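What follows is the residue order along each chain.
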Amino acid sequence: MDIKYRLYPHPVLWDKSDDYQKSSFNCSITIERDVKQFILNVEFGLDNEILENLIINKQAEYVLHIESPATSYRILKNTGQNNMKVVLKDEHLMGRVSLCPFIIAKEDFEHYTNNDFNKDYDGAAFNIQKGTVLAIGSQFDFKVDKEKEDLSQIPSIFTIYKKETTDEMGMEVELYSHKIRIGLNITDYERYNVIARNMPDVVNSFIILPALIYAFEQIRCDFDDFQEYRWFQSVEKIFKKYSITFNDELLNSKTSLELAQKVMGLPITKALKRINQIDDIDGEE
């Protein structure tokens with residue numbers, strides 16, 4: 001969505017019209033790049049007492065319309081506060097993303113008038129319907145370039161192999177090679193193969209995630225010990241793409257669990273969502 005000039009049947013606070021005098025509405029947006037997501041810090045600025053009172057009385061609200069035309073993704077975020085934080089997932093965005101701020105009526109109300117209306121509206125009052133645009137801020141755009149190496153490919157730095165034993169044993173993790181090697185006994189390996197084909201997100205949460213946590217713990221003990229391996233370089237590159245320096249300082253400021261979940265894009269959430277989808281399907285049968 002792009003904000004374009006149009007005529008409204010009622011006064012709208014907007015820098016492209018003279019419907020209001022001595023009033024203003026603007027929006028400041030700063031964007032933080034994080035792993036697999038963008039964080040929008042939004043500040044609304046409104047200088048009009050009557051519109052402010054409508055928001056305080058929950059008759060109107062601030063709205064940010066977000067749209068990524070290339071992915072057909074669009075969403076409205078609303079608040080009664082003059083600031084909000086919005087998290088946007090990488091998977092929803094590509095190319096130009098437009099951010100359009102508005103003030104929108106939350107309910108119907110009659111006889112709307114404003115002390116700062118243009119003199120042309122002296123004595124006029126308007127019946128406002130829910131969803132009516134009352135104010136428009138300046139549009140803000142930013143661009144999302146997709147990386148060739150997406151973070152969803154993090155499992156590619158692992159290899160899961162079968163240990164020739166049927167003895168009950170926990171998985172083994174080996175870090176001293178170019179891929180992180182995860183060993184499973186024959187029974188677990190066969191079960192893993194079945195699940196991996198149908199529910200890779202589940203495998204990521206209970207095999208890949210703990211192995212990555214273990215890797216971060218070992219790096220924490222000796223950062224220089226693993227730098228020659230390609231899996232280490234891949235992890236380092238992933239953080240670098242998101243303007244995060246992978247070093248001792250990062251390891252000391254975050255737990256290994258936090259780092260592993262961040263790199264993998266909340267794998268437990270994805271796994272639970274996948275399992276719930278299966279339960280929903282089973283429940284319908």
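From a predicted model like this one, the values you see are computed outputs, not experimental measurements.

Notes on the confidence of the model for the protein
- Counting all residues, the mean pLDDT for the protein is 87, and 92% of those residues have values of 70 or more.
- In this model residues 148-152 is a low-confidence stretch, pLDDT under 50, and it forms 10 contacts with partners more than four residues away in sequence or in other chains.

As for the sheet that holds strand E13 (residues 180-184)
- A sheet is described by the order of its strands in space; here 3 strands give the open sequence E11-E13-E12, paired in mixed fashion. The sheet terminates laterally at strand E11 (158-162) and strand E12 (172-174), the two strands that pair on one side only. Sheet twist, expressed as the mean angle between neighbouring strand axes with direction ignored, is 25°.
- Relative to E13, E12 runs antiparallel, the two sharing 3 bridges. Note on E13: the bridge partner recorded for Val173 is Ile182.
- Relative to E11, helix H2 (residues 186-198) is tilted by about 130°, and along the sheet it contacts E11 and E13.

Remarks on the environment of Gly265
- As for its placement among the helices and strands, Gly265 is situated in the loop between helix H6 (256-264) and helix H7 (267-284).
- By relative accessible area, Gly265 is classed as buried at 16%.
- In this structure, the C-alpha to C-alpha distance between Gly265 and Lys36, residues 229 residues apart in sequence, is 6.3 Å.
- Gly265 has contacts with Lys36 and Lys270, leaving out every residue within four places of it along the chain.

Quick look at a nonpolar patch on the surface
- Together, Ile268, Leu272 and Ile275 line one region of the surface with nonpolar side chains, adding up to about 240 Å² of accessible area.
- On the secondary structure map, Ile275 appears in helix H7.
- Using a relative accessible area of 34% as the deciding quantity, one classes Ile275 as partly exposed.

Reading the values: rules and limits
- Residues numbered from 1 in each chain as written.
- Predicted model: local features only at pLDDT ≥ 70, side-chain atom pairs only at ≥ 80, totals over all residues.
- Heavy atoms only, no water.
- pLDDT = per-residue confidence, 0-100.
- Contact = heavy atoms within 4.5 Å.
- Pairing = 2+ DSSP bridges.
- Helix = DSSP H or I, 4+ residues; strand = E, 2+ residues; numbered from the N terminus.
- Axes fitted to C-alpha atoms, helices over the stretch in contact; angles between N-to-C directions.
- Buried < 20%, exposed > 50% of the residue type's maximum accessible area, 1.4 Å probe, protein only.
- Patch = residues over 30% accessible without salt bridge, like charges linked within 9 Å, V, L, I, M, F, W, Y side chains within 5 Å.
- Areas by Shrake-Rupley, 256 points an atom, 1.4 Å probe, with all protein chains shown as cover.
- Salt bridge = Lys/Arg side-chain N within 4 Å of Asp/Glu carboxyl O.

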